[in-house]
Number of protein chains: 2
Amino acid sequence: MITKEKIYQMINDCKVSIISSVDSDGYPNTKAMLAPRKIDYDKNEFYFTTNTSSMRVGQYADNPKACVYFYQKGRFKYQGVMIIGTMEVLTDTESKNDIWRVGDTMFYKQGVSDPDYCVLKFKGYKCKYYCDFKHYWVDIE
Amino acid sequence: MITKEKIYQMINDCKVSIISSVDSDGYPNTKAMLAPRKIDYDKNEFYFTTNTSSMRVGQYADNPKACVYFYQKGRFKYQGVMIIGTMEVLTDTESKNDIWRVGDTMFYKQGVSDPDYCVLKFKGYKCKYYCDFKHYWVDIE
């Protein structure tokens, strides 16, 4: 059986995060994003940078239900992990400073205080692991 | 601007499909699957093989709202496409025969009539294209 620790090791190796929301018509919406900037293993919290003006931010503000999905597809092995939880939009200076990186001025001209820069904080509570043709829920709490 | 034709060309090159559903608690659920077995360009229909017993099939039977997402991440360019629509679960012989491939007996021991083999038929109606830091809706109907 896989452990929470091994799942997070796999997530650490992923360069892409797939995040999903539910839109105002009740449809799931999915998007690839960069790897989380910060992960809190004990609390199952993942932090992403994003644009305040984006469609996704509006959806999470209306409905925080979310999932994040990570996967690795090798030649002989497929591994995936879906974590279900809630997404919070953070615009306070402390949260924005916390995950800011120097290169981010390329995307947010006004720097860390750019009003179009904000933080998505995901908190997971339920985790399903997929490997080849098996899958099972893994306790992460 | 990108065209529907170019979007479908990109989808044809993708080896992985990301499909999402909404679970009974209203949370989005996401999973990577293989490329669609068949795509109907004019009707925006995508056909996938799956397990009748899977969690996803149960979710789509209860709530057909779905999205499929495809992306390509090159060294210098990122492209993604989200199509929103509905997912239908097909268990009739004709649909099952239509996308069956010889090697599938590896997964479905009883062959095309295996009760655990079924077809997911996605019909899209709304499409959003992402490229680097731009994104826009593309008319596919």
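Throughout what follows, the structure given in this document is the object of discussion.

What counts, and where the lines are drawn
- Residues numbered from 1 in each chain as written.
- Chains lettered and ligands numbered in written order.
- Predicted model: local features only at pLDDT ≥ 70, side-chain atom pairs only at ≥ 80, totals over all residues.
- Heavy atoms only, no water.
- Least-squares fit on C-alpha atoms with pLDDT ≥ 70 in both.
- Contact = heavy atoms within 4.5 Å.
- Buried < 20%, exposed > 50% of the residue type's maximum accessible area, 1.4 Å probe, protein only.
- Helix = DSSP H or I, 4+ residues; strand = E, 2+ residues; numbered from the N terminus.
- Arc of directions from axis to C-beta.
- Buried area = accessible area lost by both parts, 1.4 Å probe.
- Salt bridge = Lys/Arg side-chain N within 4 Å of Asp/Glu carboxyl O.
- Polar contact = N/O pair within 3.5 Å; in protein donor to acceptor, adjacent residues only side chain to side chain.
- Nonpolar A, V, L, I, M, F, W, Y, C, P; charged D, E, K, R; others polar.

### Focus: the relation of the copies chain A and chain B
Okay, step 1: By a simple turn and slide, chain A fits onto chain B: the slide is 0.0 Å along the axis, the RMSD is 0.0 Å, and the turn is 180°. Overall, the copies show the geometry of a two-fold rotation axis. Every residue of chain A has its C-alpha some distance from the rotation axis, and the shortest such distance is that of Pro28 of chain A, at 2.8 Å.
Okay, step 2: Here 97% of the interface residues in chain A have copies in chain B that are interface residues too; the copies meet face to matching face.

### Focus: helix H1 (residues 4-13) of chain B
It helps to recall that an α-helix has 3.6 residues per turn; residues three or four apart then point in one direction.
Residues and elements named next belong to chain B.
Okay, step 1: The complete set of buried residues in H1 reads Lys4, Ile7, Tyr8, Met10 and Ile11. Along the axis of H1, the buried positions cluster into a sector of 155°, meaning they face one direction only. Those residues of H1 that are exposed and angled more than 90 degrees off the buried face are Lys6, Asn12 and Asp13.
Okay, step 2: Buried positions along H1 lie against strand S3 (38-40), strand S4 (45-51), strand S5 (65-73), strand S6 (78-90), strand S7 (117-131) and strand S8 (134-138).

### Focus on the interface of chain A and chain B
Okay, step 1: Taken residue by residue, the interface counts 34 residues in chain A and 33 residues in chain B.
Okay, step 2: Between chain A and chain B, the buried area comes to about 2800 Å², and carbon and sulfur atoms account for 67% of it.
Okay, step 3: Sorting the residues of chain A by area buried against chain B places Tyr27, Pro28 and Thr30 of chain A first, and these three jointly supply 21% of that buried surface.
Okay, step 4: For the pair chain A and chain B, the number of links is 0 salt bridges.
Okay, step 5: Counting the contacts that link chain A with chain B gives 9 residue pairs in polar contact (both at pLDDT 80 or more).
Okay, step 6: If you list the elements that add at least two residues to the side of chain A that touches chain B, you get strand S1 (16-22), strand S2 (28-34), helix H2 (55-62), strand S5 (65-73), strand S6 (78-90) and strand S7 (117-131) of chain A.
Okay, step 7: Looking at the side of chain A that touches chain B, the element that brings in the most residues is S5 of chain A, giving 6 residues.
Okay, step 8: Considering only residue class, the side of chain A that touches chain B consists of 19 nonpolar, 7 polar and 8 charged.

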